[in-house]
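The lines below spell out each chain.
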Amino acid sequence: MMADKALVRRLSACETMGSATTICSDKTGTLTLNQMTVVEAYVGRKKIDPPEDVSQMDAVVSSLLSEGIAQNTTGSVFSAKDGGGIEVSGSPTEKAILHWGVKLGMKFDVIRSASSLFHVSPFNSEKKRGGVALRLTDSRVRVHWKGAAEIVLASCTGYLDTNNCLQPIQKDKEFFKEAIDGMAVRSLRCVAIAYKLYEKDNIPTDEEQLEKWILPEDDLVLLAIVGIKDPCRPGVKDAVKLCTDAGIKVRMVTGDNLQTAKAIAMECGILTSDADATEPNIIEGKAFRVLSDKERERVAKDISVMGRSSPSDKLLLVQALRKGGEVVAVTGDGTNDAPALHEADIGLSMGIQGTEVAKESSDIIILDDNFASVVKVVRWGRSVYANIQKFIQFQLTVNVAALIINVVAAVSSGDVPLNAVQLLWVNLIMDTLGALALATEPPTDHLMHRSPVGRREPLITNIMWRNLIIQALYQVCVLLLLNFFGKSILNLKHDSMEHANDVKNTLIFNAFVLCQIFNEFNARKPDEINVFSGVTRNRLFMGIVGSTFVLQIIIIEFLGNFTSTVRLDWWLWLVSLGIGVLSWPLAIIGKLIPVPETPFAKSLMKPYRRCIAARSA
């Protein structure tokens, strides 16, 4: 799994991941590349094309923009160590805007030193915006805001056009909304930058009061709206389709507005058509938040995209889905995602963008932050569960056959064909070598064409019961036939009684072990006709089967005193091999027998429940 970019922190999460019925994924960095660039910009009513062409706007406007970008940021711009240009640090969105500012001619260090920052309202996922208050050299105060375009726009009463003329925004608000929607439809993240001049007399002078001071966020002047492109990861559409084919519903939970979220979801294949892009398939976090618990549980099943969501909305979604019986996997990278990661059945944190708190709360760390790696984790999870089932089927077949053969022989004749030492060797094949051989089967694409295993599904399926009963019945019938009529079948009547019994019992033991060796191949593919596909790629399996066969030859031919066996003639070896090989065609015929979807245990319980119900009535 490490080779597939997944670091497992909690071992049981591997098996649980195989049962996942839904994945709630972040957008940025998981479904997308997290390589953001400003590809579209509006200053006033004018679309700046290309967006870094500063000649299309007045110098005062570009100066205000540069100030807003340089001061209202958690990132930084600095010279590269090798002297080859500049480097930008910060979150992907901050880096994209800072890069744009540099292209506009922004001098980061000069602007930062030209004014003093005295109050900060940090960006948070609830408000979807952040602001700063600056004290300029002429003692004026300027407040800068930056955040989700439609939220900042709602607080604006004016805008600066490219000629540095202040215009009332009321009559042009519809134009800006259409511009935002247009960018969102093209899967761009829309960010607005605005400012406001503020009277310094209204600012508290006392330090304690200044800390409690709320930064003014009304009557803003819009400077620019930018569209940031974050392309989808290559292969993410195929990964989503693979999940859908596997019966896993992928849900996108993002802080972007619904239009951007919808466009990305269409690009990724989470939404397949415009008909899907309606409520309740897509919903805003605040709309989901206000629903009652029952309504949330009902609506959550249909949600494919949640836009403008906060970490608390993600937690509510996870809780609603789990109450509805879903096995939920959640991706998260922020500190605020920790509750949702902890609440989910499987928490998947991001190795690159993820915080330490998120990683500590998760079960598995996705080292490359890629959604395709999440799908690989699902394959591994299903492989672990399937391998456990293969081993159980193999183990039960051996146990049932050995038990019935010895019990029937002991009751009828007072003698058992399989002694204690022989059964110990059979147990070694079954518990140690068999477990190693079957548990190391690598994941296959076939696993992703099954439906997820539900929470209450039995470990032993109807298919396993069918295979087990057919193989155990075959072994019991053939070996009991040899036990009771072996002397006459093998023409041992002329041999002494003791030697005839030894040969017969040795043949039964040899045939029984060879049946298990050949049945090990059948156990590899409980529901497939071709049990040999990919067998040569599992060298450990081939090595264990080969070594078991060689050890069996050594036991029969050279360790007779220890195991109470005698040497067998070549034709008796052929008989043993023939009995073992017959399990292959028998398994093929058995797999053509249909089995009901309802588990046998439930079917057996129905008459009992009816009886209980009749008595209580």
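The shown structure was predicted, so the numbers you read here are calculated from the model rather than taken from an experiment.

**Q** Sorry, what's going on with the UniProt feature "transmembrane region" (unreviewed entry) in the protein chain here?
**A** Mapped onto the present numbering, the UniProt feature "transmembrane region" (unreviewed entry) falls on residues 463-485, 540-559 and 571-593. Across residues 463-485, helical content stands at 100% and strand content at 0%; the span's end C-alpha atoms are separated by 33 Å. Between the end C-alpha atoms of residues 540-559 there is a gap of 26 Å, over a span that is 95% helix and 0% strand.

**Q** I'm lost on the packing of helix 15 (residues 371-413) against helix 18 (residues 497-524) in this one. Help?
**A** Geometry of a packed helix pair, given as the angle between the helix axes and the separation of the axes. One way to put it is that helix 15 packs onto helix 18 with a least axis distance of 9 Å and a crossing angle of 155°. Between helix 15 and helix 18, the crossing angle belongs to the class labelled roughly antiparallel. For helix 15 against helix 18, the interelement crossing comes out right-handed. In contact with Lys390, Gln393, Phe394, Thr397, Val398, Ala401, Ala402 and Ile405 of helix 15, helix 18 contributes Phe512, Gln516, Asn519, Glu520, Ala523 and Arg524. Residue composition of the contact of helix 15 with helix 18, grouped by class: 7 nonpolar, 4 polar and 3 charged.

**Q** Sorry, what's going on with unusual backbone geometry here?
**A** For residues besides glycine, phi is generally negative; the peptide bonds are generally trans as well. For the bond running from Asp49 to Pro50, omega is 0°, close enough to zero to count as cis. On the secondary structure map, Pro50 appears in the loop between strand 4 (46-48) and helix 2 (59-71). A cis geometry characterises the amide bond from Glu279 onward to Pro280, with omega recorded as 0°. Among the secondary structure elements, Pro280 is positioned in the loop between helix 9 (258-268) and strand 15 (282-284). One non-glycine residue with positive phi stands out, namely Asn34, at about 65°. Assignment of secondary structure puts Asn34 in the loop between strand 2 (22-25) and strand 3 (37-43).

**Q** Please explain the pattern of salt bridges as it appears in this structure.
**A** Opposite charge on two side chains allows them to pair when their charged atoms are near. Inspection of the entire model under this criterion finds 23 salt bridges. Of the charged contacts, one joins Lys314 and Asp26 as a salt bridge, the two residues approaching to 2.7 Å between their closest N and O atoms. With Lys314 in helix 12 (residues 311-323) and Asp26 in the loop between strand 2 and strand 3, this pair connects stretches of sequence that are 288 residues apart. According to the relative accessible area criterion, Lys314 is buried, its value standing at 3%. A salt bridge links Arg45 to Asp172, with the shortest nitrogen-to-oxygen separation between them at 2.9 Å. Taken together, the residues Arg45 in the loop between strand 3 and strand 4 and Asp172 in the loop between strand 11 (166-168) and helix 6 (173-185) connect sequence positions 127 residues apart. A relative accessible area of 43% places Arg45 in the partly exposed class. Assessed through its relative accessible area of 8%, Asp172 is described here as buried. Salt bridges here are not isolated pairs; linked through shared partners, they connect Asp26, Lys314 and Asp337.

**Q** Looking at this model, I keep getting lost on the nonpolar core. Mind explaining?
**A** A general trend in soluble globular proteins is that nonpolar side chains are found buried together. Ranked by size, the top nonpolar core spans 46 residues in total, and within it Leu479, Phe509, Phe512, Val513 and Phe541 carry the most contacts. Looking at this core, the elements with two or more residues in it are helix 15, helix 16 (420-439), helix 17 (462-489), helix 18, helix 19 (539-558) and helix 21 (570-581). Here this core takes 14 residues from helix 18, the largest share from any one element. Ignoring sequence-local partners within four residues, the contact set of Val513 consists of Trp425, Val426, Ile429 and Gln552.

**Q** Which parts of the structure should I look at to understand the sheet that holds strand 16 (residues 305-307)?
**A** Backbone hydrogen bonds hold the strands of a sheet together, and the pairing may be parallel or antiparallel. With mixed pairing, the 8 strands of this open sheet are ordered in space as 1-19-18-17-2-14-16-15. In this open sheet, the two edge strands, each paired with only one partner strand, are strand 1 (6-8) and strand 15. Each neighbouring strand pair of the sheet contributes to a mean axis angle of 20°, computed without reference to strand direction. Note: strand 14 (residues 249-253) against strand 16, 2 bridges, orientation parallel. Counted as the bridge partner of Met252 is Val305 from strand 16.

**Q** Can you walk me through the environment of Ser62 in this structure?
**A** The topology assignment puts Ser62 in helix 2. Separated by 538 residues in the primary sequence, Ser62 and Phe600 place their C-alpha atoms 74 Å from one another.

**Q** Got a minute to help me understand the pairing of strand 2 in this structure?
**A** Both faces of strand 2 are covered, namely the face carrying Thr22 and Cys24 and the face carrying Ile23 and Ser25. In the sheet, strand 2 pairs with strand 14 via 4 bridges, with the strands oriented parallel. Within strand 14, the residue paired with Ser25 across the bridge is Met252. Both strand 2 and strand 17 (residues 328-332) contribute to a ladder of 3 bridges, which runs parallel. If you follow Cys24 over to strand 17, its bridge partner there is Val330.

What counts, and where the lines are drawn
Residues numbered from 1 in each chain as written. Predicted model: local features only at pLDDT ≥ 70, side-chain atom pairs only at ≥ 80, totals over all residues. Heavy atoms only, no water. UniProt positions renumbered as here; feature names shortened; annotations may be inferred. Helix = DSSP H or I, 4+ residues; strand = E, 2+ residues; numbered from the N terminus. Axes fitted to C-alpha atoms, helices over the stretch in contact; angles between N-to-C directions. Parallel < 35°, antiparallel > 145°, perpendicular 65-115°, else oblique. Left-handed = near helix turned anticlockwise from the far one by under 90°. Contact = heavy atoms within 4.5 Å. Nonpolar A, V, L, I, M, F, W, Y, C, P; charged D, E, K, R; others polar. Salt bridge = Lys/Arg side-chain N within 4 Å of Asp/Glu carboxyl O. Buried < 20%, exposed > 50% of the residue type's maximum accessible area, 1.4 Å probe, protein only. Core = buried A, V, L, I, M, F, W, Y, C linked by side-chain atoms within 4.5 Å. Pairing = 2+ DSSP bridges.

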